[in-house]
Every structure is written in structure tokens, then in C-alpha cells.
Amino acid sequence: MAELRAPRGMHDLLPDDEALFEHVVGTATRVARSFDYHLIRTPIVEDAGVFLRTAGDESDIVSKEMYLFEDRGGDRLALRPEGTAGVARAYLEHGMASRPQPVRLFYWGPFFRYDRPQAGRYRQLHQFGVECIGDASPEADVEVIELQREIYRALGLTDLVLRVNSIGTAATRRAYEDALRKHFEPHLATLSADSRRRFQTNVLRILDSKEDAGHEAVRTAPSILEHLSVEDMAHWDRVGALLDDLDMAYEVDPRIVRGLDYYTHTVWEFEPRSAGGQSTVGAGGRYDGLIEAIGGPATPGVGWASGIERLMLNISGEPGGESGVATAALDAITVPLGSDGVRACLRAAAVLRAAGYAVRNGTPGRSMRAALRSADASGARFAVIAGDREAAAGTVQLKTLTGSGEQVEVPLDELAARLAEDAQG
RNA sequence: GUGGGUGUCGCCUAGCGGCAAGGCGCCAGGUUGUGGCCCUGGAGACCGGGGGUUCGAAUCCCCUCACCCACCCCA
């Protein structure tokens, strides 16, 4: 066992799995672009304030999961635990409010949460996400949900259930929180310690406590939907109508309240129907208060993020899901014999690569038998063989590896054309 | 933070007090410069680490570490 290992909860993505990763990111990128969303790359490290001011003190992300450190200059920095706050910071910093609104952005990359690792849960995880900033309409909510659903569909994930809720605005939430506190107060003694703490700090989150999920008081708690203002209700109803128009099946789930404080109005998540533990594949919401929280003008926004590892997990589970992922094919491998042959092979490989082919340099110093064995194992369609004889003649032997192994001697300057011809037939 | 499970060549697995085996993969050979199948050989493991019991420990006991799974929480 190697002495030095990858940090806990962080993993090497080896070439085999990387192909699936790229498939997920590539597919999501393609679909996002088809909705006119544009890639934004923000730093993996941000001023800690970006997250401290937005996520809420009681959120798990801030209270126990964030990687915090001071750099050599004394700045307080954080490894980003989520994507929205950084994108919002960039929106503000670069004056994107003066671009045509809304600004449609997508991103993907690593995020960090100091959490106990588990199936589908990592300390370095990767997310793909989109943000639509500068549009307060329910249409924007549904646009990003539709985009999300289309990505999942393109990845072959059709058995996901969409759960939606509205948590209103900050004002309606305060009223609802009062009602909740009134409701839970008589039951405090029978609730879990965690819920009692949340009663003080963030009473909403008692609702998504798994520990107390079966508790009578939790099940009979008033629904936030009954406390929405007229405006909230109009937004919420419109979202439902638009989802219906797009034939998007969804379930209303009043228990979704989101782990982060900046959410308002519509919140949702996508989960596999066969719900396991760490199963949420993607979740999103509207965050109209976020940009104000980091010092900008009141700016509406809505977006979601999806865990790439969780998508990969679900794609692997889908019948035939992985088979659609092609690994890069090798066109040719060289078989160098003798020291002049090595030089001839290097020239031949350069010629073929210039013509757009993928070519592996064969290891020099091997017997022809060994070289052809590894050529066969490489999956290359052709072997390009050159020894001292070919080097002197300015030619190479072009051998087919896929079939019976026909071989022709070809002048170096005709090699690329000849390979194209043979690849046809 | 709390539980449970698992640690034997790069990967998979056998061995469960008496010389650490096999498969895959890797390297080489099977008479001159020709692959796949087959055959032969080789390299590669202080049996996660430390301590103890024993004539003798991969094997039994204790401690520790790592990974996995679950709770919690989330993507």
C-alpha cells in the first residue's frame, strides 16, 4: 500500500471513468448551450465572506462543512462548497447587470465539503449547474427546470421524480416561521435534540429532519403553501401551470425547504424513483435575496446544481447507459525495429498525426513478436512497421490489424492517403 | 460526530496456527523481421501498521490506521 494516498473523500478519476465524466459534462454543456446558456468559470477559492454571508449560519455548509484557511497574506479564504454564490459574486463584480437581462450562465467543476464520505458523497465533488440571473418571472424558474430535465433526458435518466415547493419570500417565511414555532412549541420535549436546536436557530429545518420525519408534530405541521402571500401564490400557480404546459410531471412536496438561506419562492429537486440514501441527483431554487446579501442591488435569480458523480452513478445503473460512451479510438501504432527504424517510425507517426490520426509510438527495443502483440492489444486499426530496410528506402510497412493482417509497403509521403483509403475499405 | 463491515502482488480471489497459492494484467521466450488462440518462463506481497499469545501467527487476542456502508446532512 502506498504511503501517500489521496485525501479522504477525494478520488483519482482514472481514464476509464473519465470517459463517463466527460460524457456527462459534454452532454450537459451541449443542452445548456441549446438554451443559450454560457460557460462561466469562477475560482475554486473565494473570499470566505462570499459563502458566509449567503448560505446562512445555521446551514451545515457554513457551520461544519467548509474548508477554511488563511493564505500567506492573511486573507480569509474558503474552498467553494457550492456554485451559486461565486457566480453571483462574479455577476456583481463584472457589472453584468448592465448586460441584456437575464444573464444565462452555466458552470461545472469541483466543490468541497468537509463531510463524512459515503456512497455518492465526497469531500471533493463535482457539480454542473446553471444560473439565470436578472429575471424574477416564474417563466425563468420553469426554463431552468426544463433545461435540467432535458439534460437528464439526454443522459438517459428518465426515471427521475421532480419534487417542487414554494417557500415564498423572506416576509412570508417569517410569518410562516412564527406559525411553525407556535405549532412546535408544545411538542418540544418529544422532538430530537437536533430539532430543538433548530427551533431556536432555523425552525424551517425541523421539517426536513429525517430523525423526526415520523413525528406527529412534523406530520401535522402547517404547510408553507397555506402561508403564501397573494403575490407568492400567483408566482407558484404560474410555475405549476407552465410545468403542466411542458408536460413535466412533478409532485408538490411542502417539506422541501432547502439547506441554504438565500432561497425564495420556487425550490425543487430531482430524485431517482427508487430512492436510496444519497440519491438527490440535482436540486435548485430561486434566490432573489442572494445578490443583496453580498452587497449588490436587489437582483432576482434562479438556478440549480447537479452532482456529476451522482449522475455517473445513476447512468451506470441504467440499462445500456454506459455503452453510449465511446472511448477515443487509436488509429495506428508504430513498430520500430533497430535504431534507423525508430527514426523512420517517429517521422511516420508525425505525418499521420498531422493528417489527424491518433498514433501511439511503439516501444523501441522489443522483438517484432512482442511489438505486434502489444499492437494488437492496443486496439489500433493499423500497425506502421519500419526497420533499417524501410528507413533506407523511405518507406514503411502498413499492416492491417483488424482482419487477416494484409501488409503493403508504402512510401512515407503516401502513408496518410493510403491509410485513409484502407480505412474506407 | 455515532454505529456496522472490510483490509493477502497493479486488479480479483484462495489460504483461517506449520514453507503465502491461483486467475487477470505486465515482461520475456516458443530459431532469421509479423499480432490475436495456445504453450513455457519471469518480475511483482515485510499478508494495512504496532504490540501480545505461541516452539511457530496472514490465521488467535489487544490497540491503531485506512477504506467501504449506514445515521446525520446534502449534490
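The rules behind these values
Residues numbered from 1 in each chain as written. Chains lettered and ligands numbered in written order. Predicted model: local features only at pLDDT ≥ 70, side-chain atom pairs only at ≥ 80, totals over all residues. Heavy atoms only, no water. Axes fitted to C-alpha atoms, helices over the stretch in contact; angles between N-to-C directions. Helix = DSSP H or I, 4+ residues; strand = E, 2+ residues; numbered from the N terminus. Parallel < 35°, antiparallel > 145°, perpendicular 65-115°, else oblique. Left-handed = near helix turned anticlockwise from the far one by under 90°. Contact = heavy atoms within 4.5 Å. Nonpolar A, V, L, I, M, F, W, Y, C, P; charged D, E, K, R; others polar. Core = buried A, V, L, I, M, F, W, Y, C linked by side-chain atoms within 4.5 Å. Buried < 20%, exposed > 50% of the residue type's maximum accessible area, 1.4 Å probe, protein only. Pairing = 2+ DSSP bridges. Arc of directions from axis to C-beta. Domains from an automatic or database assignment. Polar contact = N/O pair within 3.5 Å; in protein donor to acceptor, adjacent residues only side chain to side chain. Phe/Tyr/Trp six-rings, centres within 6.5 Å; stacked < 30°, edge-to-face > 60°.

Participant: Help me understand the packing of helix α2 (residues 48–55) against helix α4 (residues 84–93), please; the structure alone is not making it clear to me.
Facilitator: Between two packed helices, both the angle of their axes relative to each other and the distance between the axes serve to describe the pair. At a closest axis distance of 9 Å, the pairing of α2 and α4 adopts a crossing angle of 110°. Our classification of the angle between α2 and α4 gives roughly perpendicular. The crossing of α2 and α4 is right-handed. For the pair α2 and α4, contact is made by V50, F51 and T54 and by A85, G86 and R89, respectively. For the contact of α2 with α4, a count of residues per class yields 3 nonpolar, 2 polar and 1 charged.

Participant: Explain the nonpolar core to me, please; I cannot follow it from the model alone.
Facilitator: Side chains that are nonpolar tend, in soluble globular proteins, to be buried together. One finds Y37, F128, L147, I151, F184 and W268 to be the most contacted residues of the largest nonpolar core, which totals 77 residues. If near-sequence neighbours (up to four positions away) are discounted, F128 is found in contact with V25, A28, T29, A32, F106, Y107, W108, I151, W304, A305, S306 and I308. A332, F382, A386 and L412 belong to the second-largest nonpolar core, a separate cluster that totals 18 residues.

Participant: Quick question: what am I supposed to make of the sheet that holds strand β15 (residues 395–400) here?
Facilitator: By definition, the strands of a sheet pair up through backbone hydrogen bonds, in either a parallel or an antiparallel sense. Ordered in space as β13-β12-β14-β15-β16, the 5 strands form an open sheet in which the pairing is mixed. The open sheet has two free edges, formed respectively by β13 (359–360) and β16 (407–411), since each of these has just one partner strand. As paired elements, strand β12 (residues 332–336) and β13 share 2 bridges and run parallel to each other. Its bridge partner being in β13, I333 is matched across the sheet by R360. Along the sheet face, helix α12 (residues 338–354) touches β12, β13, β14 (382–386) and β15 and points at about 165° away from the line of β12.

Participant: Explanation requested: the packing of α12 against helix α15 (residues 415–424) in the structure shown.
Facilitator: At a minimum axis distance of 9 Å, the contact between α12 and α15 shows a crossing angle of 60°. In terms of their interaxial angle, α12 and α15 are classed as oblique. Crossing geometry of α12 relative to α15 is assigned as right-handed. Of the residues in α15, those in contact with A348, V351 and L352 of α12 are L415, A416 and L419. In terms of residue class, the contact of α12 with α15 is made up of 6 nonpolar, no polar and no charged.

Participant: Would you explain helix α7 (residues 193–201) in this entry?
Facilitator: Along an α-helix, residues three or four positions apart point the same way, because every turn accommodates 3.6 residues. Within the span of α7, buried status applies to S195, R198 and F199. The arc that holds every buried residue of α7, seen down its axis, measures 110°, which confines them to one face. In this structure, α7 carries A193 and Q200 as exposed residues pointing more than 90 degrees from its buried face. Buried residues along α7 sit against α6 (170–184).

Participant: Is there a simple way to think about the domain arrangement of chain A in this case?
Facilitator: It is common to give the size of an interface as the accessible area lost on bringing the parts into contact. For chain A, the assigned domains read domain 1 (15–169 + 229–323) and domain 2 (332–424). Relative to domain 2, the C-alpha centre of domain 1 lies at a distance of 49 Å.

Participant: Even after reading the chapter, I still don't get the side chain of S223, so can you show me in this structure?
Facilitator: Here S223 shows up in the loop between α8 (216–219) and α9 (230–245). Polar contacts involving the side chain of S223 include one to the main-chain amide nitrogen of L225, which spans 3.0 Å. Once residues lying within four places of it in the same chain are set aside, the contact partners of S223 are Y176 and P254.

Participant: Where do I start with the packing of aromatic side chains in this structure?
Facilitator: Each aromatic ring pair is summarised here by two numbers: the centre-to-centre distance and the angle between the ring planes. Taken as a whole and judged by the stated rule, the model has 7 aromatic pairs. Here F21 and W108 contribute two aromatic rings whose centre-to-centre distance is 6.0 Å and whose plane-to-plane angle is 65°, an arrangement assigned as edge-to-face. With a gap of 87 residues between them, F21 in helix α1 (residues 15–34) and W108 in strand β5 (residues 103–112) connect regions that are remote in the sequence. What makes F21 buried here is its relative accessible area of 8%. Accessibility expressed as a relative area gives 27% for W108, which makes it partly exposed. Taking 5.4 Å as the distance between ring centres and 20° as the angle between the ring planes, the aromatic pair formed by F106 and F128 counts as stacked. Placement of the pair is F106 in strand β5 and F128 in strand β6 (residues 124–133), with a sequence separation of 22 residues. One exposure class covers both F106 and F128, and it is buried. Site record: aromatic cluster; members linked through ring pairs are Y67, F112 and Y114.

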